[in-house]
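Observations on the model geometry
What follows is each chain in one-letter form.
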Amino acid sequence: MSKIFAVCDTDRLYVKNLIQYINSRQNIPLKLQAFTSTELLKEYAVQNSIELLLISTEAMDEEIAGLSIGKIVLLTEDGAVGVKGFPTVNRYQASGNLVQEVMQYYGTGNLAVAYAAAKLATTQIIGIYSPIKRCGKTTFALALGEEYAKNKHVLYINLEDFSGFRALFNREYRMDVSDLLYFYREEKQGMLNRVEEIAERLHFLYYLPPAMCPADMKSVQPEEWREWFLLLMQSKYEVIIVEPGECIYGLEEILALCNKIYMPILEDKISLAKLKEYEDYLLLSGWEALNKKIQKQPMVLDGEEKGILEYMESEEMKRIIEKILREEGND
């Protein structure tokens, strides 16, 4: 059952803007519910378990205080401490800072939420996924990561069944993603210290060596993937690029964490048919919201046969990456 984060304020525009901001970040493991009426909030709370409530001081009353709500945080005009005995945040501040404060109050004793709050306003998770095979998405992901890494700390994570990295880069790895998943299960907080032990470097870009055995990833539950990525957000990396494979149980949950999703595609008839089926699947399975994050990127495979490093440096790939950077600069 989803944990509920409710926001209640009589200012409809304020609530709308705040909810839009939180949805755009997609790294809070709570389901959002917005209310501009305290009566509707009370009715909802009787039937549903609210984990966290952010409510204006004007809307707060004794009846709401007496409801079975996990944590209540008050929105105040000046962030004054001690109002009605509940923690408070100043409503007139940047949305990122406001949400970070709220999640830090809630995150006490909740490792994943505390880590998410710590870097909520800064860390980006970018997904690279396509239902179309052999479309150059791994090379695209590495090339994009390389470009980002010229100015930021970037970590690339490949979660495909078989990445081919050992053969493509002609090397073996002492540890890989499987080991980091093991450390996560054994010592969550200590896992972050292991990231730097495991991470390898490709020019400017850091990456986690992909798992040797796909079964190690198939055993991971969706909620574990969510917490694993939220923990990684506490690391030094400002951008995390993830390329999930079909083997992942919870593929959509991983994509839902992403701020944006680049989808390399081919434009032949068969590829477009596969793309249509995937879009239909998202609609039927209740994941249609992912479509808003997806940015399709047509690919031309004019250099893939040369090898992954050569293809990364091809003129076609450079043109694609330059176009993306220009579009991001105009956002």
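So, a few notes on the structure that sits alongside this text. Not measured: the values here are computed from a predicted model.

A closer look at the sheet that holds strand E8 (residues 200-202)
As summarised here, the arrangement of the seven strands in space is E8-E9-E7-E10-E6-E11-E12, forming an open sheet in which the pairing is mixed. Unpaired on one side and paired on the other, E8 and strand E12 (294-298) mark the two borders of the sheet. Sheet twist, expressed as the mean angle between neighbouring strand axes with direction ignored, is 25 degrees. Direction of pairing for strand E6 (residues 124-128) relative to strand E11 (residues 260-265): parallel, over a ladder of three bridges. Paired with Ile128 across the bridge in E11 is Tyr262. Along the sheet face, helix H11 (residues 222-232) touches E6, strand E7 (154-159), strand E9 (205-208) and strand E10 (239-244) and points at about 160 degrees away from the line of E7.

Comments concerning the pattern of salt bridges
Inspection of every chain in the model, using the stated rule, returns 19 salt bridges. The salt bridge involving Asp176 is made with Arg166; its shortest N-O contact spans 3.1 Å. One end of the pair, Asp176, is in the loop between helix H7 (165-168) and helix H8 (177-186); the other, Arg166, is in helix H7, with 10 residues separating them in the sequence. Here Asp176 matches Arg166 in class, with each residue buried. Salt bridges here are not isolated pairs; linked through shared partners, they connect Glu39, Lys42, Asp61 and Glu63.

Examining H8
All buried positions along H8 are accounted for by Val177, Ser178, Leu180, Leu181, Phe183 and Tyr184. At the N-terminal boundary of H8, the capping side chain belongs to Asp176, with an oxygen 2.9 Å from the backbone nitrogen of Ser178.

Notes on the packing of helix H6 (residues 137-148) against helix H15 (residues 315-329)
For the pair H6 and H15, interaxial distance at closest approach is 10 Å and the crossing angle is 55 degrees. Comparing the axis directions of H6 and H15 gives the class oblique. Here the hand of the crossing between H6 and H15 comes out right-handed. Judged by residue contacts, Thr139, Phe140, Ala143, Leu144, Glu147 and Tyr148 of H6 engage Met317, Ile320, Ile321, Ile324, Leu325 and Glu328 from H15. Tallied by class, the residues present in the contact of H6 with H15 amount to nine nonpolar, one polar and two charged.

Structural notes on the pairing of E9
Across the two faces of E9 the burial is the same, with Leu205 and Tyr207 and Tyr206 and Leu208 all buried. For E7 and E9, the ladder comprises three bridges, and the chain directions are parallel. If you follow Leu155 over to E9, its bridge partner there is Tyr206. Pairing of E8 with E9 involves three bridges; the strand directions are antiparallel. From the neighbouring strand, Arg201 faces E9, where its bridge partner is Tyr206. Hairpin connection, E8 to E9: the antiparallel pair is bridged by two residues, and His203 has positive phi, about 55 degrees.

A few points about the packing of aromatic side chains
The final tally for this structure, using the stated rule, is 14 aromatic pairs. Look at Tyr173 and Tyr207: their rings are 6.1 Å apart centre to centre, the planes differ by 85 degrees, and that puts the pair in the edge-to-face class. Taken together, the residues span a long stretch of sequence, with Tyr173 in the loop between H7 and H8 and Tyr207 in strand E9 at a distance of 34 residues. Take Tyr173 and Tyr207: they sit in the same class, and that class is buried.

Observations concerning the sheet that holds strand E3 (residues 50-56)
What the five strands build is an open sheet, ordered E2-E1-E3-E4-E5; its pairing is parallel. The open sheet has two free edges, formed respectively by strand E2 (31-35) and strand E5 (88-90), since each of these has just one partner strand. For this sheet the average axis-to-axis angle between neighbouring strands, irrespective of direction, equals 20 degrees. Looking at chain direction, strand E1 (residues 4-8) and E2 are connected through five bridges and run parallel. When the bridges of E2 are listed, Val7 appears paired with Ala34.

Structural notes on the packing of H8 against H11
Orientation of H8 relative to H11, taken along the N-to-C sense of each, is 95 degrees, at an axis distance of 11 Å. As summarised for this structure, H8 and H11 are arranged roughly perpendicular, according to the angle between their axes. Across the interface between the two elements, Val177, Leu180, Leu181, Tyr184 and Arg185 from H8 touch Glu224, Trp225, Glu227, Trp228, Leu231 and Leu232 from H11. For the contact of H8 with H11, the class distribution of residues is eight nonpolar, no polar and three charged.

Considerations on the pairing of E3
Among the seven residues that make up E3, six are buried, leaving the element largely enclosed by the rest of the structure. Relative to E3, E1 runs parallel, the two sharing five bridges. Pairing of Cys8 across the sheet is with Ile55, part of E3. Pairing geometry for E3 and strand E4 (residues 69-76), over six bridges, is parallel. Bridging from a neighbouring strand, Ser56 pairs with Leu75 of E4.

What counts, and where the lines are drawn
- Residues numbered from 1 in each chain as written.
- Predicted model: local features only at pLDDT ≥ 70, side-chain atom pairs only at ≥ 80, totals over all residues.
- Heavy atoms only, no water.
- Pairing = 2+ DSSP bridges.
- Helix = DSSP H or I, 4+ residues; strand = E, 2+ residues; numbered from the N terminus.
- Axes fitted to C-alpha atoms, helices over the stretch in contact; angles between N-to-C directions.
- Contact = heavy atoms within 4.5 Å.
- Salt bridge = Lys/Arg side-chain N within 4 Å of Asp/Glu carboxyl O.
- Buried < 20%, exposed > 50% of the residue type's maximum accessible area, 1.4 Å probe, protein only.
- Polar contact = N/O pair within 3.5 Å; in protein donor to acceptor, adjacent residues only side chain to side chain.
- Parallel < 35°, antiparallel > 145°, perpendicular 65-115°, else oblique.
- Left-handed = near helix turned anticlockwise from the far one by under 90°.
- Nonpolar A, V, L, I, M, F, W, Y, C, P; charged D, E, K, R; others polar.
- Phe/Tyr/Trp six-rings, centres within 6.5 Å; stacked < 30°, edge-to-face > 60°.

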